[in-house]
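Each chain, letter by letter, is given below.
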Amino acid sequence: MTEFHLSRLDMSDERTAVAAHHVSHRAYAVEAQLIAFDGIPALRETLEEMRAQPLHWLGATHGGELAAFVAWRDDTDPVEIDRLCVDPEFFRRGLAAKLLTQLLDEIAPDRDVVVTTGAANHPAVTLYKRLGFTRGEDFRPVPALLMAHFEMRRHLR
């Protein structure tokens, strides 16, 4: 089995940011096909726009190559997962689950977490359910796109 190293990503590092931008575009191109919607904002996001997001980043690398990452907003309650991307070359290796598990168990163990994905993105929907997220109400940000909202409630209110 291939070994992957999980670590925080520094988006001020040009090489890291370029790699994340590349992985993002490759991953969202696949999602666009799955959900039959090519208007995903991250598909058109420039490197500078991506780096300007107020996000924290955790990546999975193999041999120095970025294979996958999760990025989230930590200044909100609940924590908002903004993006979870796996380079298609590294699909079906458990990277998305490993990244989410690290985020949930070690980075935000006592915080509620929310995430949205295209409702027709069955691999993502299955993953969130398997990890214990509860599906909330679906919504349409635009008429052609149905989004699924997931939440994980981890502390009493």
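Look a little higher up for the structure.
Fair warning: this is a prediction, and the values are worked out from it, not measured in the lab.

(A) The arrangement of the layout of surface pockets in detail. Taken as a whole, the largest pocket encloses approximately 1,100 Å³ of empty space. Lining the largest pocket are 40 residues, with Glu-31, Leu-84, Thr-117, Asn-121 and Ala-124 sitting closest to its centre. Elements supplying a minimum of two residues to the lining of the largest pocket: helix H1 (14–35), helix H2 (41–44), strand S4 (79–86), helix H4 (95–107), strand S5 (113–118), helix H5 (122–130), strand S7 (139–142) and strand S8 (145–152). Taken together, the residues of the lining of the largest pocket sort by class into 27 nonpolar, 6 polar and 7 charged.

(B) Representation of the packing of H4 against H5. It is at 11 Å that the axes of H4 and H5 come closest, and there the two elements cross at 40°. One way to sum up the angle between H4 and H5 is to call them oblique. Remark: the crossing between H4 and H5 carries right-handed chirality. Of H5, the residues touching H4 (which contributes Ala-96, Ala-97 and Leu-100) are Leu-127, Tyr-128 and Arg-130. Partitioning the contact of H4 with H5 into residue classes produces 5 nonpolar, no polar and 1 charged.

(C) How the structure looks around the pattern of salt bridges. What the rule picks out here adds up to 9 salt bridges. One salt bridge connects Arg-51 with Glu-14, and the closest N-O pair in it is separated by 2.7 Å. Of this pair, Arg-51 sits in helix H3 (residues 47–52) while Glu-14 sits in helix H1, and the two are 37 residues apart along the sequence. Given a relative accessible area of 45%, Glu-14 falls into the partly exposed group. For Asp-82, the salt bridge goes to Arg-83, with nearest N and O atoms at 2.6 Å. Taking the relative accessible area as the measure of exposure, Asp-82 reaches 36% and is therefore partly exposed. In this structure, a network of salt bridges that share partners links the residues Glu-45, Asp-82 and Arg-83.

(D) Seen up close, the pairing of S5. The buried fraction of S5 is high, at 5 of 6 residues. Bridge analysis of S4 against S5 gives 2 bridges, and the strand direction is parallel. By the bridge assignment, Glu-80 is partnered in S5 with Val-114. A crossover links S4 with its parallel partner S5, the connecting element being H4, and its sense is right-handed. Relative to S8, S5 runs antiparallel, the two being bridged by 6 bridges. When the sheet's bridge partners are listed, Thr-116 is paired in S8 with His-149.

Quick notes on the rules
- Residues numbered from 1 in each chain as written.
- Predicted model: local features only at pLDDT ≥ 70, side-chain atom pairs only at ≥ 80, totals over all residues.
- Heavy atoms only, no water.
- 1 Å grid on protein atoms, 1.4 Å probe; cavity = no way out; pocket = protein on both sides within 12 Å on 5 of 7 lines; lining within 4 Å.
- Points joined across faces, edges and corners; volume = space filled by probe spheres on them.
- Helix = DSSP H or I, 4+ residues; strand = E, 2+ residues; numbered from the N terminus.
- Nonpolar A, V, L, I, M, F, W, Y, C, P; charged D, E, K, R; others polar.
- Axes fitted to C-alpha atoms, helices over the stretch in contact; angles between N-to-C directions.
- Parallel < 35°, antiparallel > 145°, perpendicular 65-115°, else oblique.
- Left-handed = near helix turned anticlockwise from the far one by under 90°.
- Contact = heavy atoms within 4.5 Å.
- Salt bridge = Lys/Arg side-chain N within 4 Å of Asp/Glu carboxyl O.
- Buried < 20%, exposed > 50% of the residue type's maximum accessible area, 1.4 Å probe, protein only.
- Pairing = 2+ DSSP bridges.
- Right-handed = clockwise from strand over helix to strand, strands pointing away.

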